[in-house]
Amino acid sequence: MRPRLGALLAVCLLWSACTDPAPDPARQGQVWRFAIEETRGSVQDAYAQRFKELVEERSRGEVKVVVYPYGTLGTSDQVTEQLHMGTLQLATASPGHLGTLIPEVQAFLLHFVLSEDERVNHEALRDSELVAFLERLYKEKGLRYLAAFSEGWMVWTTRTPVRRPLDFDGVKMRVMTSPLLLAAYEAYGADATPLPYSEVYSGLQLRMIDGQVNPIFAIEEMSFYEVTDYLVFPNHAQFYTTVVTNPEFYSRLSAHERELLDTSVATLHDEIFEVQRSYNRERLDLMLERKPELEVIRLSDEERSAFSARATEVRAAYLALAGERGARLLETLEAAVARARRNLAPSS
Ligand code: 6CS
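A few points on the structure. (Residues numbered from 1 in each chain as written. Predicted model: local features only at pLDDT ≥ 70, side-chain atom pairs only at ≥ 80, totals over all residues. Heavy atoms only, no water.)

Brief notes about the overall build of the protein chain
Piece 1. The number of helices and strands found in the protein chain is twelve helices and eleven strands.
Piece 2. For the protein chain, whose C-alpha radius of gyration is 21 Å, the value lies close to the compact-globule estimate of 20 Å for 348 residues.
Piece 3. Seen through its principal axes, the protein chain has C-alpha atoms that stretch 65 × 50 × 45 Å.
Piece 4. For the protein chain, the proportion of contacts with a sequence separation of at least 24, taken over those separated by at least 6, is 78%.
Piece 5. In the form shown here, the protein chain has an accessible surface area of approximately 15,700 Å², with 54% of it arising from carbon and sulfur atoms. (Helix = DSSP H or I, 4+ residues; strand = E, 2+ residues; numbered from the N terminus. Rg over C-alpha atoms; globule rule 2.2 N^0.38 Å. Contact = heavy atoms within 4.5 Å. Areas by Shrake-Rupley, 256 points an atom, 1.4 Å probe, with all protein chains shown as cover.)

In structure tokens, the structure reads:
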């Protein structure tokens, strides 16, 4: 299989080299500024660096992509604003921070809604009906939606063990800034505290907050495990982000540049899925090696059901925030997951 795959790849590369138009001198020297919401070495950084590689390789000098890691251009909200204004061409924009601008997108933040099989969710994210819906929502807010991808399961890091909603009593849980997350953690009995990403470590260290929630790779990279004692795996939700571009920038691209951008985004869909899986696996081992006393709690099905019962109430809060269109996005998302599940099911 492998040599055949290699030959196929060589043919494809040769084909694209032959079909790509000759470089246009008038379009040389363009810079596409791409801001991410995470630091170097993160899943979003892997995405942006690979995007840079794919675009620059095929643009033959026309385009240079510059990646701005988190912190260099401000918080997530400030980055989205800069993209709006056109001082940035591309950015990641996570539903966890987009809720005030696009309330409907908070459907991605609901707990116990998507599949427990992350491959199913991965397939659902490229469902054409879902993509078309998201494109319309983002367009209305002056953004062009390009893609969404998962960065892995959300994990709670806390100072005390959490196995039941009762254990959240009096726990100040840091959440991202989308309003729905307040309702989600308050339904569990926690005291939800929204904070920008950059303030989480010091908040934990200074005991302004008692816990936070993020995928494993982020817990390692941002050193949150240094200032907490438990890693709790509820498998209640995955962390999703979206990739966006400025609509005027996109419409001014040449046909070749647009094709370059679109195909790079399409190629990255599967690649980033594997990246996040390996980052999350490897970094759990790394944290346990560095801090062996860190306790891992994997909730049983029975324990999870106590949380999922509470999460059901949060759907009403979502509908109050996101309205009729929010309800339709949630239906579209659930239908996309059902289709992906059917498509991935082994045929009998
Ligand atoms: O918790 C946060 O705010 C952030 N978490 C991740 C994994 N990516 C970006 C986001 O802003």
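Notes on the nonpolar core
Piece 1. Core analysis: the largest hydrophobic core is formed by 63 residues, its most contacted members being Leu-134, Tyr-138, Trp-156, Phe-168 and Tyr-185.
Piece 2. A total of eleven residues in this core trace back to one element, the largest contributor, which is helix 12 (residues 301–344).
Piece 3. If near-sequence neighbours (up to four positions away) are discounted, Tyr-185 is found in contact with His-111, Trp-156, Phe-168, Met-173, Val-175, Ala-190, Ala-192, Val-213 and His-236.
Piece 4. Tyr-225, Leu-231, Leu-260 and Leu-268 belong to the second largest nonpolar core, which has 46 residues in total. (Core = buried A, V, L, I, M, F, W, Y, C linked by side-chain atoms within 4.5 Å. Buried < 20%, exposed > 50% of the residue type's maximum accessible area, 1.4 Å probe, protein only.)

Things to note about the pattern of salt bridges
Piece 1. For the structure shown, the criterion picks out 23 salt bridges.
Piece 2. Between Glu-259 and Arg-58 there is a salt bridge; the shortest N-O distance is 2.9 Å. With Glu-259 in helix 11 (residues 255–290) and Arg-58 in helix 2 (residues 43–59), the pair connects residues that are 201 residues apart, well separated along the chain.
Piece 3. Accessibility expressed as a relative area gives 33% for Glu-259, which makes it partly exposed.
Piece 4. Via salt bridges that share partners, Glu-220, Glu-221, Arg-283 and Arg-290 belong to a single interconnected network. (Salt bridge = Lys/Arg side-chain N within 4 Å of Asp/Glu carboxyl O.)

Topic: the packing of helix 2 against helix 11
Piece 1. Where helix 2 contacts helix 11, the two axes come as close as 9 Å, and the packing angle between them is 145°. As for the relative orientation of helix 2 and helix 11, their crossing is right-handed in sense.
Piece 2. Class assignment for the residues of the contact of helix 2 with helix 11 results in 13 nonpolar, six polar and four charged. (Axes fitted to C-alpha atoms, helices over the stretch in contact; angles between N-to-C directions. Left-handed = near helix turned anticlockwise from the far one by under 90°. Nonpolar A, V, L, I, M, F, W, Y, C, P; charged D, E, K, R; others polar.)

Some words on the sheet that holds strand 10 (residues 238–245)
Piece 1. What the five strands build is an open sheet, ordered 2-1-3-10-4; its pairing is mixed. What marks the edges here is a single partner per strand, and that holds for strand 2 (63–68) and strand 4 (144–153). Strand-to-strand twist in this sheet, taken as the mean axis angle between neighbours without regard to direction, amounts to 20°.
Piece 2. With four bridges joining them, strand 3 (residues 90–93) and strand 10 adopt antiparallel strand pairing. Within strand 10, the residue paired with Leu-90 across the bridge is Thr-245.
Piece 3. Helix 2 contacts strand 1 (30–35), strand 2, strand 3, strand 4 and strand 10 of the sheet and is inclined by roughly 170° relative to strand 2.
Piece 4. Taken strand by strand, helix 3 (residues 76–85) contacts strand 1, strand 3 and strand 10, and its axis lies near 145° from that of strand 3. (Pairing = 2+ DSSP bridges.)

Section: the pairing of strand 8 (residues 211–214)
Piece 1. The two faces of strand 8 match: Gly-211 and Val-213 on one face and Gln-212 and Asn-214 on the other face are all buried.
Piece 2. Direction of pairing for strand 6 (residues 172–175) relative to strand 8: parallel, over a ladder of two bridges. Among the inter-strand pairings, Met-173 is bridged to a residue of strand 8, identified as Gly-211.

Here's the deal with the sheet that holds strand 11 (residues 295–298)
Piece 1. Here we have six strands laid out as an open sheet, ordered 7-6-8-5-9-11, and mixed in their pairing. The strands lining the two open edges of the sheet, one partner per strand, are strand 7 (191–194) and strand 11. Strand-to-strand, the axes of this sheet are offset by a mean angle of 25°, without reference to chain direction.
Piece 2. The pairing of strand 5 (residues 155–158) with strand 9 (residues 230–233) spans three bridges and is classified as antiparallel. Its bridge partner being in strand 9, Thr-158 is matched across the sheet by Tyr-230.

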